[in-house]
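# Per-entry structural report
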Amino acid sequence: MKDALHSICTLSRHLEEAGVPYTWLEEAAMIVQGINTPYEALEVSVQWDLFAACEKQFAQAMNSATQKTPSKASFGIRWEEQDIIISCRFNTTVRTDPYRIEMEIGGQNVYCRSLYAYLYGSDFLGHKQFIQEQLQEKQRTFTQVNEEAWNQNNYQALLARYGEPAELAGKIKANPEWRLFPFYPYMKDLKGKKVLHLLGSNGVKATAMALLGADVTVVDFSKENAAFAEELAKNANVSVRYITSDVFSLDEDMLAERFDYILMELGVLHYFITLEPLMERIKALLAEEGSYILHEFHPISTKLITSTGKKHKVTGNYFDANLTYQHVAFSKHMPDGVQEELKETVHRKWTLGEIITSVGSSGMRITILEEEPNHKIHDIGLPKTYTLVAKKS
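Below is a summary of the structure that appears in this document. (Residues numbered from 1 in each chain as written. Predicted model: local features only at pLDDT ≥ 70, side-chain atom pairs only at ≥ 80, totals over all residues. Heavy atoms only, no water.)

### Digging into the packing of aromatic side chains
Tallying each qualifying case throughout the model produces 8 aromatic pairs. Where Tyr 162 meets Phe 228, the ring centres are 6.2 Å apart and the plane angle is 35°; that geometry is what we call tilted. Residue Tyr 162 is located in helix 6 (residues 154-162), and its partner Phe 228 is located in helix 9 (residues 223-235); the two are separated by 66 residues in the primary sequence. Owing to a relative accessible area of 17%, Tyr 162 belongs among the buried residues under this scheme. The class of Phe 228 is buried, set by a relative accessible area of 0%. Ring centres of Phe 248 and Phe 272 lie 6.1 Å apart, and the angle between their planes is 80°; on these two criteria the pair is classed as edge-to-face. In this pair, Phe 248 sits in the loop between strand 10 (240-244) and helix 10 (252-255) while Phe 272 sits in the loop between strand 11 (259-265) and helix 11 (276-285), placing the two residues 24 residues apart along the sequence. Among the residues examined, Phe 272 registers a relative accessible area of 5% and is labelled buried. One aromatic cluster is present, formed by Tyr 155, Tyr 162 and Phe 228 through successive ring pairs. Its end group placed over the ring of Tyr 111, Arg 100 keeps NZ or CZ at 3.8 Å from the ring centre. Here Arg 113 stacks its cationic end above the ring of Tyr 118, 5.8 Å away from the centre of that ring. (Phe/Tyr/Trp six-rings, centres within 6.5 Å; stacked < 30°, edge-to-face > 60°. Helix = DSSP H or I, 4+ residues; strand = E, 2+ residues; numbered from the N terminus. Buried < 20%, exposed > 50% of the residue type's maximum accessible area, 1.4 Å probe, protein only. Lys NZ or Arg CZ within 6 Å of the ring centre and 35° of its normal.)

### Side note on the pairing of strand 3 (residues 62-68)
Relative to strand 4 (residues 72-79), strand 3 is paired through 4 bridges, and the arrangement is antiparallel. Across the sheet, Gln 67 pairs through a bridge with Ser 74, a residue of strand 4. Linking strand 3 back to strand 4 in an antiparallel pair, the connection comprises 3 residues. (Pairing = 2+ DSSP bridges.)

### With respect to the pattern of salt bridges
When the charged atoms of two side chains with opposite charge come close together, those side chains can pair. Summed over the entire model, instances satisfying the criterion amount to 11 salt bridges. Measuring nitrogen to oxygen at the nearest pair gives 3.0 Å for the salt bridge that ties Glu 43 to Lys 72. You can see Glu 43 sitting in strand 2 (residues 42-46) and its partner Lys 72 sitting in strand 4, a full 29 residues away along the chain. Under the relative-accessibility criterion, Glu 43 is labelled buried at 11%. Overall, Lys 72 belongs to the partly exposed group, its relative accessible area being 24%. Where Lys 171 meets Glu 167, a salt bridge forms, and the shortest distance between an N and an O atom there is 3.8 Å. Note that Lys 171 and Glu 167 are positioned in helix 7 (residues 165-174) at a spacing of 4 residues, about one turn of the helix. The exposure class assigned to Lys 171 is partly exposed, which follows from its relative accessible area of 44%. (Salt bridge = Lys/Arg side-chain N within 4 Å of Asp/Glu carboxyl O.)

### Things to note about the side chain of Ser 291
Relative to the assigned elements, Ser 291 resides in strand 12 (residues 286-297). Apart from the residues lying within four places of it in its own chain, the contact partners of Ser 291 are Asp 260, Tyr 261, Ile 262, Leu 286, Val 389, Ala 390 and Lys 391. (Contact = heavy atoms within 4.5 Å.)

### A word on the pairing of strand 8 (residues 194-198)
Taking burial as the measure, the 5 residues of strand 8 include 4 buried ones, the bulk of the element. As paired strands, strand 8 and strand 9 (residues 215-220) are joined by 5 bridges and run parallel to one another. By the bridge assignment for strand 9, Leu 198 is matched with Val 219. Tracing the backbone out of strand 8, into helix 8 (residues 204-211) and back to the parallel element strand 9 gives a crossover that is right-handed. As paired strands, strand 8 and strand 11 are joined by 3 bridges and run parallel to one another. Bridged to His 197 within strand 11 is Leu 263. (Right-handed = clockwise from strand over helix to strand, strands pointing away.)

### Some remarks on the sheet that holds strand 12
A sheet is described by the order of its strands in space; here 7 strands give the open sequence 10-9-8-11-12-18-17, paired in mixed fashion. Either end of the sheet is taken by a strand with one partner, and the two such strands are strand 10 and strand 17 (365-373). If you compare each strand with its neighbour and ignore which way they point, the axes differ by 15° on average. Pairing analysis gives 7 bridges linking strand 12 to strand 18 (residues 383-391), with the strands arranged antiparallel. By the bridge assignment, His 295 is partnered in strand 18 with Thr 387. (Axes fitted to C-alpha atoms, helices over the stretch in contact; angles between N-to-C directions.)

### Section: a negative patch on the surface
A contiguous patch of negative charge, built from Glu 16, Glu 17, Glu 102 and Glu 104, is present on the exposed surface. Counting only elements with at least two residues in the negative patch, the list comes to helix 1 (2-17) and strand 6 (100-105). With respect to the secondary-structure elements, Glu 102 resides in strand 6. In this structure Glu 102 comes out as partly exposed when scored by relative accessible area, which is 38%. (Patch = residues over 30% accessible without salt bridge, like charges linked within 9 Å, V, L, I, M, F, W, Y side chains within 5 Å. Areas by Shrake-Rupley, 256 points an atom, 1.4 Å probe, with all protein chains shown as cover. Lys, Arg positive; Asp, Glu negative; His and termini not counted. Charge placed at Lys NZ, Arg CZ, Asp CG, Glu CD.)

Rendered as structure tokens:
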């Protein structure tokens, strides 16, 4: 793998110096992204209208003649003891590939196709399971990082935001339905229903659902969230079971339970770098005819548009598949001096298409996708959140 990476880097520099846009594909892309995989040859795709120039440039290194189909052309070279295929797709702009990402290797930036391209696309499907396993392995590392970030002074931040649990409990009791806006209409009568709130955070929604008669279980890896949520439920005179765990570390007894509703809401999906295992777990935990309710920030607002007052700018890349790092949501409620010391969380921001595909591919049946506007007057016309409802069968 080390030799392959070196050859990838040197050939990338050569192409950049020649002004040729490129993207490493398939096994080469996996190697660039840190996955050790067997390979026979490494393939790099170049800008199609510069392909003829590449043929001339690498004429001395060619070890196989150019082959052409109506959609693609390629030839082979020998480069630093590596067999490399240089290819192009006709009438396709390399730089606009939504899954083209930039990776840093030894101080050099190298372009390759994201692993996610091979989960949702039709190419390279033979490696889908292997890629999924590698992403799951990385998920465990990132979950540990995120867990540490969510267990640093979060309780104090919750007090700063909501006040004492007793005070907040009184407000929730006065109008529990309001706390479940806008997805409450999709939960029907909660009395006697078993509800699982995954990444249920501070317990506000759980307490509201319990007040409406639900049997509520929260799963979240923050002990400080759990402490606040348990005090909140106690002061509201309801019972909420809080399991301090990540979604993939639940014990067998918990995994044997079935729930009428599974809820996830506002700023949680980005903690998962792969969605298929999550959706499969959710489906398994749902009772027959149970509903999965996802209420999340719309990708338009999280990936594409930056808003300042009445001004909106398209500053992001909606299709960006890179991981991002930022402070936990509660950091703004921490005093100055503490915020700078907080650890960052790892995020993967998903497109709406990726989310819908992951839910649908699990076998759940999507019944509702409601895109909700921002309620500020100068945000008219922009989606802020969405609610997705899926049935187990």
